[in-house]
Amino acid sequence: MNTIMQLRKVCNHPYLFEGVEPGPPYTDGEHLIDNCMKFKVLDKLIPRLINYESKILIFTQMTRMLDILDDYLNFRRYKFCRIDGSTSHIQREM
């Protein structure tokens, strides 16, 4: 087990660890926010930035973290574009 990688997971979201997320079935909900202080801050910050018509860029090196962010943004019904290695050039231009 790589200790540095485990520490990076701890700093990002507890659901990056196997068996922590409630389920199956896995559902989106308030638990995504309630279990992570970073998401609590995002949940307060994003609406304020949207009110100022700001664009927001969130960067992470972990695709699993992008999956969790994807779930959160879909849960809150925010319009977003996920850009990672699987995103086509056409989708990036939208």
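Just so you know, these numbers come straight off a predicted model, no measurement behind them.

**Q** An account of the nonpolar core is requested, with residue identities and associated values reported.
**A** Formed by 16 residues in total, the largest nonpolar core has its most connected members in Phe-39, Ile-46, Ile-68 and Tyr-72. The element contributing the most residues to this core is helix H4 (residues 63–75), with six residues. Contact partners of Ile-68, with chain neighbours within four places excluded, come to His-13, Tyr-15, Leu-16, Leu-32 and Phe-39.

**Q** Tell me what's going on with the pattern of salt bridges, and back it up with residues and numbers.
**A** For the structure on display, the rule yields six salt bridges. Measuring nitrogen to oxygen at the nearest pair gives 2.8 Å for the salt bridge that ties Asp-43 to Arg-76. Of this pair, Asp-43 sits in helix H3 (residues 37–51) while Arg-76 sits in the loop between H4 and helix H5 (89–93), and the two are 33 residues apart along the sequence. A network of salt bridges, in which partner residues are shared, links Asp-67, Asp-70, Arg-82 and Asp-84.

**Q** Before we move on, can you summarise H4 with the specific residues and values?
**A** Helix length check: H4 (13 residues) gives 18 Å between terminal C-alpha atoms against 18 Å at 1.5 Å per residue, within 8%. Burial in H4 covers these residues: Met-65, Leu-66, Ile-68, Leu-69, Asp-70, Tyr-72 and Leu-73. On the buried face of H4, the contacting elements are helix H1 (3–12), helix H2 (31–34) and H3. Just downstream of H4, Arg-77 is the residue with a positive phi angle, here 60°.

**Q** Any details on the environment of Asn-35? Residues and values, ideally.
**A** As for its placement among the helices and strands, Asn-35 is situated in the loop between H2 and H3. Of the residues examined, Asn-35 reaches a relative accessible area of 40% and is grouped as partly exposed. In the structure, Asn-35 is positioned 22 residues away from His-13 in sequence and 7.7 Å away in space, judged by C-alpha atoms. Look past the residues within four positions of Asn-35 in its chain and what remains in contact with it is Pro-14 and Tyr-15. Here the side chain of Asn-35 touches Tyr-15 through a polar contact of 2.6 Å, side chain to side chain.

Cut-off values and rules
- Counting restarts for each chain: residues are numbered from 1 in the order of the written sequence.
- Only residues with pLDDT of 70 or above have their local features reported here, since the model is predicted, and side-chain atom pairs are shown and tallied only from 80 upward, although totals for entire chains, interfaces and linings are computed over all residues.
- The side-chain numbers reported here are obtained from all heavy atoms of the structure, hydrogens and water having been left aside.
- Among buried residues, the Ala, Val, Leu, Ile, Met, Phe, Trp, Tyr and Cys ones that are joined through side-chain atoms within 4.5 Å form a nonpolar core.
- Only protein chains enter the accessibility calculation, which uses a 1.4 Å probe. A residue is then buried if its area is under 20% of the maximum for its type, exposed if over 50%, and partly exposed in between.
- Per the convention used, a helix needs a DSSP run of H or I reaching at least four residues, while a strand needs a run of E reaching at least two, with both numbered from the N terminus.
- Residue contacts follow a heavy-atom distance rule, with two residues in contact if any of their heavy atoms lie within 4.5 Å.
- We define a salt bridge as a side-chain nitrogen of Lys or Arg found within 4 Å of a carboxyl oxygen belonging to Asp or Glu.
- The length a helix should cover is 1.5 Å for every residue beyond the first.
- Whenever a nitrogen or oxygen atom comes within 3.5 Å of another N or O atom, the pair is scored as a polar contact, on the condition that within protein one atom can donate a hydrogen and the other can accept it, and that pairs from neighbouring residues in sequence are kept only if both atoms are in side chains.

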